[in-house]
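# Working through the structure, step by step
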Amino acid sequence: MEFYPSIERSDIQEIKKFQEQKLRELLVYLETHSPFYQKLFKENNINIADIQTLEDLQKIPTTTKNDIQENNDYFFCITPDKIVDYSTTSGTLGDPVTFGLSDNDLERLAYNEAISFACAGIQKGDVVQMITTIDKRFMAGLAYFLGLRKMGASVVRMGPGIPELQWDSIFRYRPKYLITVPSFLLKMIDYAEKHGVDYKNSSVYGAVCIGESIKNQDFTDNILSQKIKEKWNIKLFSTYASTEMSTAFTECEEQIGGHQHPELIITEILDDEGKPVKEGESGELTITTLGVEAIPLLRFKTGDIVKAHYEPCACGRNTMRLGPVIGRKQQMIKYKGTTLYPPAMSDILNDFNNILCYQIVIQSNEIGLDEIIIKISTDSDSETFVNEVRDHFRAKLRVSPKIEMVEFDVLSKTIFNPNSRKPITFIDLR
């Protein structure tokens, strides 16, 4: 199997022609098998024969998560007997959204992760420790396992949490790579230092980081990444994916953005009016999946604000690269005339070594304006420390949020909820 697909090294026009052929095949499939898109084409008088180029996608309305939530069953293009795995993702209206995968979808998922991990330098025979759940209808954990298996790597399925067991596995099985939420690496380092674990001489070369950003927009290390590397000099690779996409954008060794896989996904970056942004501008990532059987998506708005990079990469790939997610569109905060996203606030809080844990809470006040409450657990003198944090916010973001000190035992239980796949550091109550 080719883990370095030639299409990714083709020139831009070849990639475009390739994707346009795949798009035409997708449109025929949707018109034949998708009740939702059959209705959408009919209601909008869309003749799929008129959609020949990537630019022609503009003639088709976008799809949102709300559409999937309200019409979940109508997105399925296969009968229930052909579904071999059910996964769920969070919905906009409370209930989770169901995604089914066919046998071919699982093969595609494995291929996606295999070429993504190869992008980050993982090779056949490498040992990889998965510090992520593979159960609870979580697609990513299953995808990682399938991809590593397909490329011939050895997998240590540790699951999240319990630093002591993670270190036991590292010294027992000598993994070269970890797959983890990056903030958990700080917990592992803290445990190692307190218990005399010689972590700097472990087998670990690098970590594929999920769920949290580790880069600034110029691809320099953000605060979280810096804090990890100050203690433990390992390679950190960004990866970005979602259940809806069934596709990952993973950094190569050059570490200047996650590479698109043109055989698996078409991408658009759209402004608030749904028009493509100019090159170099940020907008909402909108995707069209290729090769998905059960629930293919056409012009699906992910809600993530990103910037695309198009110059060829020194690794030899000519594919578009995604920069770090700037923020979720629905999580945009208007606070005293300033537009904010949670990742910018997390960067500031990660700058303080004596913050044990934190949670950002957004709510509407009595006059309908956004209000920010930062809940912090610290081992520092509270009054002096609160002023220090507040000053740091003013200096970096020109705002001064409300700060509440909370006991570690209380706050940590809400952040590290056993029913959540990731730490809950942001809550939107609006």
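Residues numbered from 1 in each chain as written. Predicted model: local features only at pLDDT ≥ 70, side-chain atom pairs only at ≥ 80, totals over all residues. Heavy atoms only, no water.

### Details of the sheet that holds strand β18 (residues 370–378)
In plain terms, the rule: Note on pairing: two strands pair once DSSP finds at least 2 bridges between them. Strands are runs of DSSP state E lasting at least two residues, helices are runs of H or I lasting at least four, and both sets are numbered from the N terminus onward. All axes are obtained by fitting lines to C-alpha atoms, using only the stretch in contact for helices, and the reported angles, taken between N-to-C directions, cover 0 to 180 degrees. Note on definitions: a residue-residue contact is assigned when non-hydrogen atoms from the two residues lie within 4.5 Å.
Strand order in the open sheet made by the four strands is β19-β18-β17-β20, with mixed pairing throughout. Since the sheet does not close on itself, it has two edges, and those belong to β19 (402–405) and β20 (426–428), each with one partner. Strand after strand, the sheet turns through a mean of 20° between neighbouring axes, direction not considered. Bridging between β18 and β19 involves four bridges; their strand directions are parallel. Looking at the pairing, I374 lines up with I403 of β19. Against the sheet, helix α10 (residues 382–397) contacts β17 (355–364), β18 and β19, and its axis sits at roughly 150° relative to β19. Across the sheet, helix α11 (residues 408–415) is in contact with β17 and β18; its angle to β17 comes to roughly 65°.

### Side note on the nonpolar core
Stated formally: Joining through side-chain atoms within 4.5 Å is the link that ties buried Ala, Val, Leu, Ile, Met, Phe, Trp, Tyr and Cys residues into a set, and such a set is a nonpolar core. Only protein chains enter the accessibility calculation, which uses a 1.4 Å probe. A residue is then buried if its area is under 20% of the maximum for its type, exposed if over 50%, and partly exposed in between.
Of all hydrophobic cores here, the largest spans 40 residues; its most connected members are F41 and L298. L349, I360, I372 and I376 belong to the second-largest nonpolar core, a separate cluster that totals 22 residues.

### Structural notes on the packing of helix α1 (residues 12–33) against helix α2 (residues 35–43)
As a reminder, the rule being used: Angle categories: roughly parallel below 35 degrees, roughly antiparallel above 145, roughly perpendicular from 65 to 115, and oblique for all the rest. Residues are grouped as follows: Ala, Val, Leu, Ile, Met, Phe, Trp, Tyr, Cys and Pro are nonpolar; Asp, Glu, Lys and Arg are charged; every other residue, Gly included, is polar.
Axis separation between α1 and α2 bottoms out at 6 Å; the angle between their running directions is 100°. Of the possible angle classes, the one that applies to α1 and α2 is roughly perpendicular. Where α1 abuts α2, its residues L27, L30, E31, T32 and H33 lie against P35, Y37, Q38 and F41. Broken down by class, the residue content of the contact of α1 with α2 amounts to five nonpolar, three polar and one charged.

### Looking at the pairing of strand β6 (residues 206–209)
Threshold: Seen with the strands pointing away from the viewer, any crossover whose path from the first strand over the helix to the second strand runs clockwise is right-handed.
Neither face of β6 is exposed, since G206 and V208 on one face and A207 and C209 on the opposite face are all buried. Pairing geometry for strand β5 (residues 177–180) and β6, over four bridges, is parallel. Counterpart to L178 in the pairing with β6 is A207. Between the parallel pair β5 and β6, the chain is carried across by helix α7 (residues 182–194), and the sense of this crossover is right-handed. Here β6 pairs with strand β7 (residues 235–242) via four bridges, running parallel. Residue pairing in the sheet places C209 in a bridge with S238 of β7. A crossover links β6 with its parallel partner β7, the connecting element being helix α8 (residues 223–231), and its sense is right-handed.

### Quick word on α11
Residues that lie three or four places apart on an α-helix share one face, since the helix turns once every 3.6 residues. Going by this rule: Summarising the geometry, the arc corresponds to the directions from the helix axis toward the C-beta atoms.
Those residues of α11 that fall on the buried side of the exposure criterion are L411, S412 and I415. Mapping the buried residues of α11 onto a view down its axis gives an arc of 100°, with all of them on the same face. Of the residues in α11, the exposed ones pointing more than 90 degrees away from the buried face are D409, V410 and K413.

### Here's the deal with the environment of V389
Along the chain, V389 falls in helix α10. Residues V389 and I162 lie 227 residues apart in sequence; the distance between their C-alpha atoms is 30 Å.

### Examining the pattern of salt bridges
Using the following cut-off: The working definition used for a salt bridge is a side-chain nitrogen of Lys or Arg within 4 Å of a carboxyl oxygen of Asp or Glu.
For the structure shown, the criterion picks out 18 salt bridges. Its salt-bridge partner being K16, residue E20 comes within 2.5 Å of it at the nearest N-O pair. With E20 and K16 both in helix α1 and four residues apart, this pair spans about one turn of that helix. What makes E20 buried here is its relative accessible area of 9%. Its salt-bridge partner being R172, residue D168 comes within 3.1 Å of it at the nearest N-O pair. Here the residue D168 and the residue R172 both occupy positions in helix α6 (residues 163–173), the gap between them amounting to four residues, near one helical turn. Accessibility expressed as a relative area gives 53% for R172, which makes it exposed. Linked by salt bridges that have partners in common, K16, E20 and E55 make up one network.

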